[in-house]
Amino acid sequence: MTSSTADTELKARHRKMWASGDYPLMVDTFLLPLGPRLVDAAGIGEGMRVLDVAAGTGNASIVAAQRGAQVTASDLTPELFDAGRARAQSEGVELDWVEADAENLPFDDESYDVVMSSIGAMFAPHHQDVADELVRVCRPGGTIALLSWTPEGMIGALFRTMGPFAPPPPPGAQPAPLWGSEDHVRELFGDRVEWGTLERDDLDITAFEHPRDYGEHFKGLYGPTIVARGNAVKNGQEAEFDEALNNFSDEWNRGTQDDARFEQEYLVAVGTRA
Ligand SMILES: C[S@@+](CC[C@H](N)C(=O)[O-])C[C@H]1O[C@@H](n2cnc3c(N)ncnc32)[C@H](O)[C@@H]1O
């Protein structure tokens, strides 16, 4: 198999994974605050040309369009666009929806004022390729704005919990939560981006009554959890997987048994492209 065939197959698997479950419902349940958080940090306003990479259902894109920007929402998984279009319509904004791999963007050099990604580009496996593409399509003096789960935070820990059950990552793939490390971001972009903001914050989650409802939500709706659990089932490790996810949900609960609360740490990185 050539490396480009292998990559096409890998991306097809990733697309299928993100189209599985019900990611739009996860956004509605607890992820909505991330869109305005990133758009505000990026200083997006009237007339700016904005590219959202790995936009999903447009959580950040739709807010950017509401601020008067001309927005392209791009993603590997066009199955998510229907939910995004419906939300954009109900919010009264229009944007372009384009199928695109973050590692090989179908956009011209220096064609956007702002290139952003909210917990999105971090999931493409080859980090340096993504960083190079984000820089390429951003105009000099433009803004690169990223919001990423941190390795030390709850989603970093979720991926460590699921890792032993998941199919082995392909050679060369890097773990997604590394994008939440300040050092990793600095290294990927070098002197091509001057970072004005590199700050950590928490997404507060109060949508679940009992702690283990959190794990159940991910088991039913979140592509990476569905894939890891499917592999565990195939290997006869279903009970171990469920126990690990239950323990994880209990461990990260910051509320009570009947009123759960979780904090998912993320890094906001906003910089100017040289
Ligand atoms: C956790 S979702 C985030 C979606 C959205 N940005 C949000 O804030 O809700 C991750 C997204 O990354 C997309 N994705 C994964 N790998 C990708 C790749 N190689 N290129 C572009 N998008 C990718 C998935 O399709 C999915 O929509």
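Please refer to the structure placed before this passage.
What counts and how
- Residues numbered from 1 in each chain as written.
- Predicted model: local features only at pLDDT ≥ 70, side-chain atom pairs only at ≥ 80, totals over all residues.
- Heavy atoms only, no water.
- Helix = DSSP H or I, 4+ residues; strand = E, 2+ residues; numbered from the N terminus.
- Rg over C-alpha atoms; globule rule 2.2 N^0.38 Å.
- Buried < 20%, exposed > 50% of the residue type's maximum accessible area, 1.4 Å probe, protein only.
- Salt bridge = Lys/Arg side-chain N within 4 Å of Asp/Glu carboxyl O.
- Near = heavy atom within 4 Å.
- Polar contact = N/O pair within 3.5 Å; in protein donor to acceptor, adjacent residues only side chain to side chain.
- Nonpolar A, V, L, I, M, F, W, Y, C, P; charged D, E, K, R; others polar.
- Arc of directions from axis to C-beta.

**Looking at the overall build of the chain**
Part 1 of the argument: When its secondary structure is counted, the chain shows eleven helices and seven strands.
Part 2 of the argument: Rg of the C-alpha trace for the chain: 18 Å, near the compact-globule value of 19 Å for 274 residues, within the 12% margin.
Part 3 of the argument: Counting only C-alpha atoms and orienting by the principal axes, one finds that the chain spans roughly 50 × 45 × 35 Å.
Part 4 of the argument: Counting across all 274 residues of the chain, residues that qualify as buried make up 51%.

**Overview of the pattern of salt bridges**
Part 1 of the argument: Evaluation of the coordinates by the stated rule reveals 26 salt bridges.
Part 2 of the argument: Here Asp 201 and Arg 37 are joined by a salt bridge, their closest N and O atoms 3.1 Å apart. Residue Asp 201 is located in strand 6 (residues 193-205), and its partner Arg 37 is located in helix 3 (residues 34-42); the two are separated by 164 residues in the primary sequence.
Part 3 of the argument: Among the salt bridges present, the one from Arg 200 reaches Glu 182, with a minimum N-O distance of 2.9 Å.

**Focus on the site of the ligand**
Part 1 of the argument: Surveying the vicinity of the ligand reveals 19 residues, the closest of which are Tyr 23, Ala 54, Asp 75, Thr 77 and Ser 118.
Part 2 of the argument: Contact distances for the ligand include 2.7 Å between an oxygen atom and a side-chain N or O atom of Thr 77.
Part 3 of the argument: Between the ligand and Asp 101 there is a distance of 3.0 Å, counted from a nitrogen atom to a side-chain nitrogen or oxygen.
Part 4 of the argument: Of the residues assigned to the shell around the ligand, the class counts are twelve nonpolar, five polar and two charged.

**Topic: helix 2 (residues 23-31)**
Part 1 of the argument: Looking only at helix 2, the buried set comprises Tyr 23, Met 26, Val 27, Phe 30 and Leu 31. Buried residues along helix 2 cover an arc of 110 degrees about the axis, so they all sit on one side.

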